[in-house]
Amino acid sequence: MTATVGTTGATDSPYALTHLDTLESEAVHIFREVAGEFERPVLLFSGGKDSIVMLHLARKAFAPAPVPFVLLHVDTGHNFPEVLAYRDRTVAEHGLRLHVAKVQDYIDDGRLRERPDGTRNPLQTVPLTETIQRERFDAVFGGGRRDEEKARAKERVFSLRDEFSQWDPRRQRPELWSLYNGRHAPGEHVRVFPLSNWTELDVWQYIAREGIALPEIYFAHDREVFSRSGMWLTAGEWGGPKPGEPVRTRRVRYRTVGDMSCTGAVDSDATTLAAVIAEIAASRLTERGATRADDKMSEAAMEDRKREGYF
Amino acid sequence: MTGTTSPLTAEQLSATTLLRFATAGSVDDGKSTLVGRLLHDSKSVLTDQLEAVERASLSRGQDTPDLALLTDGLRAEREQGITIDVAYRYFATARRRFILADTPGHVQYTRNMVTGASTAELAVVLVDARNGVVEQTRRHVAVAALLRVPQVVLAVNKMDLVAYAEPVFAAIAEEFTAYAASLGVSDVTAIPISALAGDNVVEPSATMDWYGGPTVLEHLETVPVSHDLTGCPPRFPVQYVIRPQSAGHPDYRGYAGRITSGVLRVGDPVTVLPSGRTTTITGIDALGRAVDTAWAPQSVTVLLADDLDVSRGDLIAPTATAPAVTQDISATVCHLHERPLRVGDRVLLKHATRTVKAIVRELPYRIDLSAGLAREIGPAALAVNDIGTVVLRTAEPLPMDAYADSRQTGSFLLIDPADGTTLTAGMTGEAFTGPAATADDDGAETAAADDDGWDF
């Protein structure tokens, strides 16, 4: 036995897999199931760390062939420029095809209206579901993890959505062993979550192990921010800061990447992957609790948005 | 002690293994408290989550945080104060990472526990020390035995309410262990706990010095994760054919899949089923890297010597230990859906990576999990949550193992062809390995289940 994959874990068996190898193997299995069973899968790609890990896993799953899916980004119009640059660089580098659904287009032609609070995260649902229907995508990969939020903890790996893209938590198919049921009627689609069993820490450890490049905003840097609802937000054309919200320069980084209006930065000196991992391992706040304003709208904010078709 | 409350170093985090386990308990056995304590004491409940629970508890007029709100994620669950569905929780200690299938003990218990137990390597069954082994306990053990969960922990909870008395614990442990053994479950660890007071959950009990065993968490951290899979005959269901047809790889033709059991080596003579053609493994790509050896549950790509017709749904196995193919399947099933299963029903059967048409030929019997596994012969139908046996005829031959030998290639789903609904979870072969199951046998698949089926 000269070359074998995986490193031996904490047990004595030569065949023990570390938790990262186990999670990777499971995620790859899910990618390949979808490729084998669906006609028109699409991978949601925002340039955030979860979707970056998803793309990395998909590339490994089908190597040396290219990833057999197209990508879709729902652009809120309030994205971090570094993240958009990363997105476009990655798409070009790997010869991928990217669909972009723009919230701004929907606002411009009156199909969506800007919310009073300026937050565009909830507005993503309409462009997302319309693009899925228009392009007739039948499987939509998302980077959602069950550790993120308690409604997500209830989500299946294969999650059937009706013709209105709605999630009905009471009508989910039971999911046993690794037998995923992707049957769906025309017009319906399945949301697929290969990272279901990963935690935030797993994602970071995997990024470190695989040497995956990330947008710079995940690492500590000096940034002009202002405080709103207990979070550091970046000033921008989306409607901040308001009078009485003084801008200051702080050393921060982002734990999640999303719409600028509701994604907060955290104070941090972590400039390396090792420092980020140490920081997360010690953090007393969840990723979403620390940085997402939209989840705080109500106790069931995530569940309600998911019912509407959000991820 | 395990030092679970301090932050973990990167080194500690990267070398750990993963344990999947399920909890089972009746409504008032204190399962939420146990789960809450495991999560809380392993730093898996963070400040903002706890604050959210406190806020929600206050708004309901409760003075103390209701830890069940941590796990009841859906609006309907919180409104009704019940758990509807399986939820998965994640926590870690320095020694191991855990995926907990938190299965509700409520009305739909069997279906939910079957779902949670299907991927579990260990099941924790809670018993209230005041009530001892009750009908629900027998049901939980039976489901664990049925699904062949390799390890079972009996957590005798609420020891504080029986004055921490050893005889109470000993009697329950003895009765439970004997019942489990009769179902073929030989590996039971019994732990006396008080989830509320914290005895023997994470910290050893100060009041039960008569108990010399591990705490629940210690046991979870140290119990061997089942890698027996690598000792089983290799099975490799083909998921997808990788054919780049690119300038760099003009002739590459790889069969992608996950090894469900055993070890594959370059040079192994293999048979492709159901066609029965034989060839040799000439290469294994482990996600982009060429290797000589790979094992379950790794996802790999296998290259074969001959240009055979191999596609999704085929199974590659060593020629010497290849499974037989059959169109007649005898299986134990748990029916999952409100729509009943009847003789004559035409269904789809999903096995590994293959989905075929099938017809329900017979329903030999239904098992009552609570009342000593009594058998109702020839039931008219299997209703939701029913456990029973079926005889199926498939439209195409399938390479099936007994569930006792492989949870992956011995399991299947029945699906409604009309709307895709998942109807039934199936396990090929006899239900239990113990004396209760061998009383009368029927079907061709049972022989393999008779030898020591517990080491799946």
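Residues numbered from 1 in each chain as written. Chains lettered and ligands numbered in written order. Predicted model: local features only at pLDDT ≥ 70, side-chain atom pairs only at ≥ 80, totals over all residues. Heavy atoms only, no water.

Summarise the pairing of strand E2 (residues 70-75) of chain A; cite the residues concerned and give the values.
Residue and element names in this part refer to chain A. Within E2, six of the six residues are buried, which leaves it mostly tucked inside the rest of the structure. One ladder, built from three bridges, connects strand E1 (residues 41-44) with E2; its direction is parallel. Counterpart to Leu43 in the pairing with E2 is Leu71. Each parallel crossover has a hand, and for E1 linked through helix H2 (residues 49-62) to E2 it is right-handed. Relative to strand E3 (residues 98-102), E2 runs parallel, the two being bridged by five bridges. Opposite Leu71, over in E3, you have Leu98 as the bridge partner. (Buried < 20%, exposed > 50% of the residue type's maximum accessible area, 1.4 Å probe, protein only. Helix = DSSP H or I, 4+ residues; strand = E, 2+ residues; numbered from the N terminus. Pairing = 2+ DSSP bridges. Right-handed = clockwise from strand over helix to strand, strands pointing away.)

I'd like a rundown of the environment of Val185 of chain B, residues and numbers included.
Residue and element names in this part refer to chain B. Mapped onto the elements of the fold, Val185 is located in the loop between helix H8 (166-182) and strand E6 (188-192). Classification of Val185 by relative accessible area gives buried; the value is 1%. C-alpha of Val185 to C-alpha of Pro150: the two residues are 35 residues apart in sequence and 7.9 Å apart in space.

Summarise the confidence of the model for chain A; cite the residues concerned and give the values.
Put simply, chain A has an average pLDDT of 85, and 88% of its residues get 70 or more. pLDDT under 50 marks residues 1-11 of chain A. Its contacts with residues more than four places away, or in other chains, come to 36 contacts. (pLDDT = per-residue confidence, 0-100. Contact = heavy atoms within 4.5 Å.)

So what's going on with the nonpolar core? Which residues, and what values?
In terms of nonpolar packing, the biggest core is built from 123 residues, with Phe31 of chain A together with Leu147 and Phe432 of chain B touching the most fellow members. Among the nonpolar cores identified, the runner-up in size contains 26 residues, and Leu34, Leu39, Val45 and Phe98 of chain B belong to it. (Core = buried A, V, L, I, M, F, W, Y, C linked by side-chain atoms within 4.5 Å.)

Explain empty space enclosed by the protein residue by residue, including any values.
Within this structure, the stated rule accounts for eight cavities of 30 Å³ or more. Here the largest cavity defines a volume of roughly 830 Å³. Around the largest cavity, the lining comprises 41 residues; the ones closest to its centre are Glu26 of chain A together with Arg20, Thr119, Arg258 and Gln408 of chain B. Every element with two or more residues in the lining of the largest cavity is listed here: helix H1 (19-37) of chain A together with strand E1 (17-24), strand E3 (96-102) and strand E7 (236-242) of chain B. Of the residues belonging to the lining of the largest cavity, the class tally is 19 nonpolar, 14 polar and eight charged. (1 Å grid on protein atoms, 1.4 Å probe; cavity = no way out; pocket = protein on both sides within 12 Å on 5 of 7 lines; lining within 4 Å. Points joined across faces, edges and corners; volume = space filled by probe spheres on them. Nonpolar A, V, L, I, M, F, W, Y, C, P; charged D, E, K, R; others polar.)

Talk me through the pattern of salt bridges; I want residue IDs and the actual numbers.
This structure, assessed with the given rule, holds 44 salt bridges over all chains. For the salt bridge of Glu210 of chain A with Lys60 of chain A, the shortest nitrogen-to-oxygen distance reads 2.8 Å. On the criterion of sequence distance, the pair formed by Glu210 of chain A in helix H6 (residues 200-210) and Lys60 of chain A in helix H2 is long-range, its members being 150 residues apart. Here Lys60 of chain A falls in the buried class, since its relative accessible area comes to 17%. Residue Lys31 of chain B pairs with Asp102 of chain B through a salt bridge whose shortest N-O separation is 2.8 Å. One end of the pair, Lys31 of chain B, is in helix H2 (residues 31-41); the other, Asp102 of chain B, is in strand E3, with 71 residues separating them in the sequence. Residue Lys31 of chain B shares its accessibility class with Asp102 of chain B, and that shared class is buried. Several salt bridges share partner residues, and in doing so they unite Asp21, Glu24, Lys60, Arg209 and Glu210 of chain A into one network. (Salt bridge = Lys/Arg side-chain N within 4 Å of Asp/Glu carboxyl O.)

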